[in-house]
Amino acid sequence: MKILLAIEDLRTGGAQVFGMRLAQALHQRGHQVWLYSHYPSYTNHELVKQVAPDVPVLGFDAGVPGLEWLSRKAQGVLRRFGRPFPLREQLVERHLRQTIEQLGVQLINSHMIKSDYVAAAAGAAARPEVPLVITMHGCYEDFLHKTTEPEVTMKSREALRQAAAVVYLTQKNLEIFSVPGVRSFDDIPHAQIYNGFDGHFSAPDKLPTRSQLGIGEQDIVFGMVARGIAEKGWAYALRSFEEISVAHPIAHLVLVGSSDYLTDLKAANTNPHIHFIGFASNPIDWVRFFDVGLLPSYFASESLPNSIAEYLFCGAPVIATRIGEIPQMLDVPGQGLAGVLLEQNGRGLTNPEALTAALRTYLTDPALLSTHKARAALCFDKFRMERCVAAYEAIFTEAL
């Protein structure tokens, strides 16, 4: 198949990283694949090279020098005043349509809501028409509860009306189908497919070590990998670790992510056992020496966090919130959870002390930590990329 994966941008984020991983896996299965970014200026080239090294990357080109930059700035300004700016989307739609016609693309798979409706329009206008498979990562329910961009949900209805098929990660993603006027979910070919992960560590001479951070081989490492936004729960992780750190000098906290928000947290940190790593193109290089992974997230779009699959791949149990598909991600049928679930209310943790207690329990109960590590290894099986890509090939075939 000739498949184009359309993604709003190619930078750090769960939907973006999975889209790159899927593109690479499809390429390795013998398909002709392209990645298309609606915002090429935001592309993290180091990340793309690490995750999808064999996939050609295309992006919106306005055809006039400076027009892409000007349209992006105008869109941002008008958005701050609560006004839509359709011109840029129309330009992207036209360029995407021309691209799929020139390449002979047979199917579009879009990730992220704004790329969904642009790709739907481009595919419908192309000659011949190109079917669209939408992968829902949590954007739809997020925009349902946003008042700043009501036109996004309106346009998404048209994307769903035109979609040849829908892939969803969790039941939570289907909230949009309860909205009046939205196409019936039962009327769309669909499949629930977990994001796949086929992890590979970097070359031995490029791997980080515990010793470079001053972490002993017998020390216990808590770690977190996520997008650098407050809603992922970084502040909760820092606060709870500070509470247990003095009484447990063998404990360390490793934080992998980058943003201005994290830069400010790092500047305020005085604890030598808290290590801010910054951006990592291959996070599992760091995750491999986590004893426990953290994700105390209250992010509204949270569905199937890539970081949890990465923790499980490395055999680390997880302390995370009960949101999206996380409870199912950590469940080992007949045995229990590969970690601890926390409660959240969309604005934060309902009981932050539960996170502190979970950290303390893992430090004081090595038998429990060992049991949960064994469950983590079992949990990862559901995220193997060969399962994921085979399921995508089946839904793509159905859409065609």
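This text goes with the structure placed above it.
Residues numbered from 1 in each chain as written. Predicted model: local features only at pLDDT ≥ 70, side-chain atom pairs only at ≥ 80, totals over all residues. Heavy atoms only, no water.

1. Some details on the sheet that holds strand E3 (residues 57-59)
For step 1, the next point in the chain: What the 7 strands build is an open sheet, ordered E3-E2-E1-E4-E5-E6-E7; its pairing is parallel. Each having just a single partner strand, E3 and strand E7 (190-192) make up the two edges of the open sheet. Taken over all neighbouring pairs, the strand axes of this sheet differ in orientation by 20 degrees on average, direction set aside.
For step 2, the next point in the chain: Where strand E5 (residues 132-136) and strand E6 (residues 165-168) come together, 4 bridges link them in parallel fashion. If you follow Ile134 over to E6, its bridge partner there is Val166.
For step 3, the next point in the chain: Packed onto the sheet, helix H5 (residues 113-125) meets strand E1 (2-7), strand E4 (107-111) and E5 and runs at close to 165 degrees relative to E4. (Pairing = 2+ DSSP bridges. Helix = DSSP H or I, 4+ residues; strand = E, 2+ residues; numbered from the N terminus. Axes fitted to C-alpha atoms, helices over the stretch in contact; angles between N-to-C directions. Contact = heavy atoms within 4.5 Å.)

2. Description of the sheet that holds strand E12 (residues 318-321)
For step 1, the next point in the chain: The strand order across the open sheet formed by 6 strands is E10-E9-E8-E11-E12-E15, and the pairing between neighbours is parallel. The two strands at the open ends of the sheet, each matched to only one other strand, are strand E10 (274-278) and strand E15 (339-342). When strand polarity is set aside, the average angle formed by the axes of neighbouring strands in this sheet is 20 degrees.
For step 2, the next point in the chain: On top of the sheet, helix H13 (residues 352-364) reaches strand E8 (220-225), strand E9 (251-256), strand E11 (292-295), E12 and E15; it is set at about 170 degrees to E15, its chief contact.

3. Here's the deal with the packing of aromatic side chains
Here the distance between the centres and the angle between the planes together describe a pair of aromatic rings.
For step 1, the next point in the chain: For the coordinates displayed, the defined rule picks out 14 aromatic pairs.
For step 2, the next point in the chain: Relative to Tyr311, the ring of Phe290 has its centre 6.1 Å away and its plane inclined at 50 degrees; by these criteria the two rings are tilted. Of the two residues, Phe290 is situated in the loop between helix H10 (284-287) and E11 and Tyr311 in helix H11 (residues 306-313); the sequence distance between them amounts to 21 residues.
For step 3, the next point in the chain: Taking the relative accessible area as the measure of exposure, Phe290 reaches 4% and is therefore buried.
For step 4, the next point in the chain: With centroids separated by 6.5 Å and ring planes inclined at 40 degrees, the aromatic side chains of Phe380 and Phe383 adopt a geometry described as tilted. For the pair formed by Phe380 and Phe383, the shared burial category is buried.
For step 5, the next point in the chain: Every member of this aromatic cluster is reached through a ring pair, and the members are Tyr194, Phe197, Phe201, Phe313, Phe380 and Phe383.
For step 6, the next point in the chain: Geometry around Tyr42 places Arg11 over its ring, the cationic atom sitting 4.3 Å from the centre.
For step 7, the next point in the chain: A cation sits over an aromatic face here: Arg88 above Tyr39, 4.0 Å from the ring centre. (Phe/Tyr/Trp six-rings, centres within 6.5 Å; stacked < 30°, edge-to-face > 60°. Buried < 20%, exposed > 50% of the residue type's maximum accessible area, 1.4 Å probe, protein only. Lys NZ or Arg CZ within 6 Å of the ring centre and 35° of its normal.)

By themselves these figures say nothing about function.
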